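Fold and contact review
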Amino acid sequence: MTITANHLTKSFSPESRVVNDVSFSIQPGEMFFLLGPSGCGKTTVLRMLAGFLQPDGGEILFDEKRMNGIAPQHRNTAMVFQNYAIWPHLTVFENVAYGPRARKLDVASVQRRVTDALRVVRLEEVAQRKPAQLSGGQQQRVALARALAVEPGLILLDEPLSNLDARLRLELRGELLRIHHETHMTCLYVTHDQEEALSLADRLAVMNQGRIEQTGTPHELYEHPVNEFTARFMGEINVLAPDHPLTAALGGPPKRKLGFRPESARLAGDGVAAIVKRATYLGSKTELLVETATGDVLKLWTDVVVAPGKTLHFQVAPEKLILL
């Protein structure tokens, strides 16, 4: 199912427009992300696609069918919530069976769908347990199985990993990627976590104050952001103002705002001189906070430890310079 949002707007008060002229499309089988800070309007967009909210302007199309005004239960969507939202008094099997039974499927069809969904999320062995007997990661997989069991045209995921600790988030990311490759489900995933977006998305849109700043693949948005907001939201970046003295030293064009990622800096025998103010060992890399002769404090990532107080020189390859 192809999902299209055309010029969506939504306000909750006359003073502020939460969603302002938002347009995007999701292709069949695509994992599409809405990425942005809290309050930027991404969850409001998700709730409009689900049918929980109606847009003030614009339209929503599922394939060629206009969905404005269509009730949630008639949209063939399923939702995975941040807080799991599974029934504590029901077994895993009964939780996953809830949707197919609500759609009045026969017993054999319910059994097949639940069995298939639990197999996909690898929870067959806990089918008769209650949610309280499961870990947080298992509970979130139950929520995902419940969504899969109704065989929706679109799955909506509202920050599904934010309640998990760092290790479980990493584990569930891998599981989501595996499940998506296995099922080819069409997904809209809302998050503020750029690592989730980079590791999972086929395409994503960065939102800011109700608008979409840029849409593209993770590689496009990380390597070629169109503005400073997108560049900073997609990861760490050093930004130099137009006509900054370091621009010429790095080989960048004049009169343009310039950026480069910390990992793009390469220690060299010549180049920009800087004094190390702080060195932080992070396991896979060392983060250096350096100060240049111009007084700028920059962040560099290296695979070597340089002691504070030492002077180093660094360069950035021309193709790694980001014009903003």
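Anything mentioned here points back to the structure above.
Residues numbered from 1 in each chain as written. Predicted model: local features only at pLDDT ≥ 70, side-chain atom pairs only at ≥ 80, totals over all residues. Heavy atoms only, no water.

Some points on the sheet that holds strand β15 (residues 286-292)
Taken in spatial order, the 5 strands make up an open sheet running β13-β17-β14-β15-β16, and their pairing is antiparallel. Each edge of the open sheet is held by one strand with a lone partner, namely β13 (265-268) and β16 (297-302). Each adjacent strand pair in this sheet contributes to an overall mean axis angle of 50 degrees, direction not counted. Here strand β14 (residues 272-281) pairs with β15 via 7 bridges, running antiparallel. Counted as the bridge partner of R278 is L289 from β15. (Pairing = 2+ DSSP bridges. Helix = DSSP H or I, 4+ residues; strand = E, 2+ residues; numbered from the N terminus. Axes fitted to C-alpha atoms, helices over the stretch in contact; angles between N-to-C directions.)

Regarding the pattern of salt bridges
In total, this model carries 19 salt bridges according to the counting rule given. A salt bridge links R119 to E182; the nearest nitrogen and oxygen atoms lie 3.0 Å apart. Here the residue R119 occupies a position in helix α3 (residues 107-120), and E182 occupies one in helix α5 (residues 166-183), the gap between them amounting to 63 residues. When its relative accessible area of 41% is taken as the criterion, R119 is described as partly exposed. Of the charged contacts, one joins K320 and E223 as a salt bridge, the two residues approaching to 3.9 Å between their closest N and O atoms. Residue K320 is located in the loop between β17 (311-316) and β18 (322-323), and its partner E223 is located in helix α7 (residues 218-223); the two are separated by 97 residues in the primary sequence. Judged by relative accessible area, K320 falls into the partly exposed class, the value being 33%. (Salt bridge = Lys/Arg side-chain N within 4 Å of Asp/Glu carboxyl O. Buried < 20%, exposed > 50% of the residue type's maximum accessible area, 1.4 Å probe, protein only.)

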